[in-house]
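# Descriptive analysis of the structure
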Amino acid sequence: MGERMDDAILRLTGIHEKNRSGGGPQHIKRQHDRGKMTARERIDCLLDVGSFSELGSSVNTTGKRIDGREFDAPCDGAVVGTGRIEGRRVVVYASDFTVLGGSIGTQHGLKFVKMMEMAATWGIPMIWLLDSSGGRLGYRDVPMAGIDWWFALESRYSGMIPQINVLLGPCIAGQAYCPTLCDFLLMSRGSAHLWLGGPRMTQAATSEKIGGDVGGADYHMVYSGTCDVVGENDEETILKTRKLMRYLPSNWEERPPLRETTDSPHREVGELTTMVPDDDTPYDMHQVIKCLADDGAYYEIKDEYAGQLITCFCHFNGEAVGVVACNPKTPGSVIEINACDKYYRFLQVLDAYSIPLVTLVDTPTLVPGESQEAIGLIRHLGKMLDLYATATIPKISVVLGRGHADAGGMILGSVRDMGVDIIYAWPTARFSVEASTMDYRENFPCGMEDDAYPGYLNRARETVDVFEAAGSWTAQVVDEIIHPKETRKRIIEAIDLTRHKKETPPHGAKRQGTGPT
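A short tour of the structure in this document, coming up. (Residues numbered from 1 in each chain as written. Predicted model: local features only at pLDDT ≥ 70, side-chain atom pairs only at ≥ 80, totals over all residues. Heavy atoms only, no water.)

### A closer look at the environment of Trp122
Topologically, Trp122 is positioned in helix α4 (residues 106-122). Sequence separation between Trp122 and Val90 is 32 residues, and the spatial gap between their C-alpha atoms is 9.8 Å. Excluding residues that lie within four positions of it along the chain, Trp122 makes contacts with Thr82 and Val91. (Helix = DSSP H or I, 4+ residues; strand = E, 2+ residues; numbered from the N terminus. Contact = heavy atoms within 4.5 Å.)

### Examining the sheet that holds strand β14 (residues 319-326)
Reading across from one edge, β12-β13-β14-β15-β16-β18-β21 is the order of the seven strands in this open sheet, with mixed pairing throughout. Each edge of the sheet is formed by a strand with only one pairing partner; in this case those strands are β12 (298-301) and β21 (480-481). Judged from the four bridges that link them, β12 and strand β13 (residues 309-316) form a sheet pairing that is antiparallel. Opposite Glu300, over in β13, you have Cys312 as the bridge partner. Those strands touched by helix α12 (residues 337-352) are β12, β13, β14 and β15 (357-361), and its axis lies near 25 degrees from that of β13. (Pairing = 2+ DSSP bridges. Axes fitted to C-alpha atoms, helices over the stretch in contact; angles between N-to-C directions.)

### Here's the deal with the pattern of salt bridges
Inspection of every chain in the model, using the stated rule, returns 25 salt bridges. With its nearest N and O atoms 4.0 Å apart, the salt bridge here joins Glu268 to Lys485. With Glu268 in the loop between α9 (234-244) and α10 (272-275) and Lys485 in the loop between β21 and α18 (487-497), this pair connects stretches of sequence that are 217 residues apart. Judged by relative accessible area, which is 45%, Glu268 ranks as partly exposed. A salt bridge links Glu319 to Arg499; the nearest nitrogen and oxygen atoms lie 2.5 Å apart. One end of the pair, Glu319, is in strand β14; the other, Arg499, is in the segment after α18, with 180 residues separating them in the sequence. Residue classification places Glu319 among the buried residues on the basis of a relative accessible area of 15%. (Salt bridge = Lys/Arg side-chain N within 4 Å of Asp/Glu carboxyl O. Buried < 20%, exposed > 50% of the residue type's maximum accessible area, 1.4 Å probe, protein only.)

### A closer look at the packing of α12 against helix α14 (residues 377-390)
The relative placement of two packed helices is expressed as an angle between their axes plus a distance between the axes. The N-to-C vectors of α12 and α14 enclose an angle of 20 degrees; their axes lie 9 Å apart at closest approach. If you check the angle between α12 and α14, you find them roughly parallel. Crossing of α12 against α14: the hand is left-handed. Of the residues in α14, those touching α12 at Ile337, Cys340, Asp341, Tyr343, Tyr344, Leu347 and Gln348 are Leu377, His380, Leu381, Lys383, Met384, Leu387 and Tyr388. Of the residues contributing to the contact of α12 with α14, the split by class is 10 nonpolar, two polar and two charged. (Parallel < 35°, antiparallel > 145°, perpendicular 65-115°, else oblique. Left-handed = near helix turned anticlockwise from the far one by under 90°. Nonpolar A, V, L, I, M, F, W, Y, C, P; charged D, E, K, R; others polar.)

Here is the structure:
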């Protein structure tokens, strides 16, 4: 090599060594003392060993703050590149909290934008490892640092490539919109916080003092429903991200990867006959799902939010599917507003990435009450109906017990004309239009004809067992009555039958409907 090449390589090596050290030993120690990994340690945990290929590794921002103090920002606080998860290509962005608190300057913002555009162009998933204090205020830099561009790209590429946000530190103010625009948000219980206004900002603006738990992982899982998955710490949260990738395709034009399994597609599940009671005794639907899925494994989304409704991924004969089911174990177990939002978001993701939907139907009596009616239960249920009817993915339903139309049986796919592809029912299944036993004449005496109750109202709530349903209106309700032990085998068969389903979106490529909000 010539002298010029020697000097250039020496210079490059020096830049890389400096940038790989982030904010320096002092800030790295502070990060570790908080129980957090550094950005590069997180990337190593996420990706297959040795697969990370960094881009923009020589970026370095220096300058002066508005107050005149000098600063130095290796990689401008953003480590980006490509790598593999279980052999599959992904794009990774990790904010480096050891560098100016992971704040977003112009170069930082543009590094993210470039990676997002690359991911969309190449058709590979985008994963964020976020730990940032937000915009780089107090520095001579663009005030928004291009974060408005982030919002636009997230929205434009939504449903084209999986976008997964892993929140491992603070995320505040305008940047807090970013996780909500992704397909999934995973949060570390030990360090993640998501606010539009944190405790200090809120107190300064309104004098309101909010608790330290507000904005944490449990808060956004249990109360707001913003979080999809919670991990105890950085490592567990990142490993759960690797696991989530098993159920997602690389882009909307592909299918999720097939997973090897030794679980036979012909395995019978005779234990279901005793696991699910004949009467209305509560039982845990998780056990049913575990019994049906390959190797008893499933990956639940929003497990502590609206617990009466289960949304999860699992594999059937190696193929990834989404499963939705009411959980009779949860008191009430009704479809209320939070459950509507949970269902709606999950089905949006399934439809975007062509992941089949399997619904296990056993709906309880729906008792909405004034509080739910007042905040829009009807329009939320309408939103679910609209999405289910227009989703073009394979939709398979198994009715285990009760199928009350007014309690979600219609929304959960036990009615043929809602667009379900195949409906199976157990011999113990029963159906009705509504579940209420109220005498409407006592509540609405005015204008109620004397013969209305026996002639119409009573018929509406009449329960029809599955044999009567199959014998008189098969085309509308049941395709086949099956023995419970055949359930797994029948689901796998239905997934195979609908694999090449072709259904044109009802509104075409450009137009879209205006469903309830």
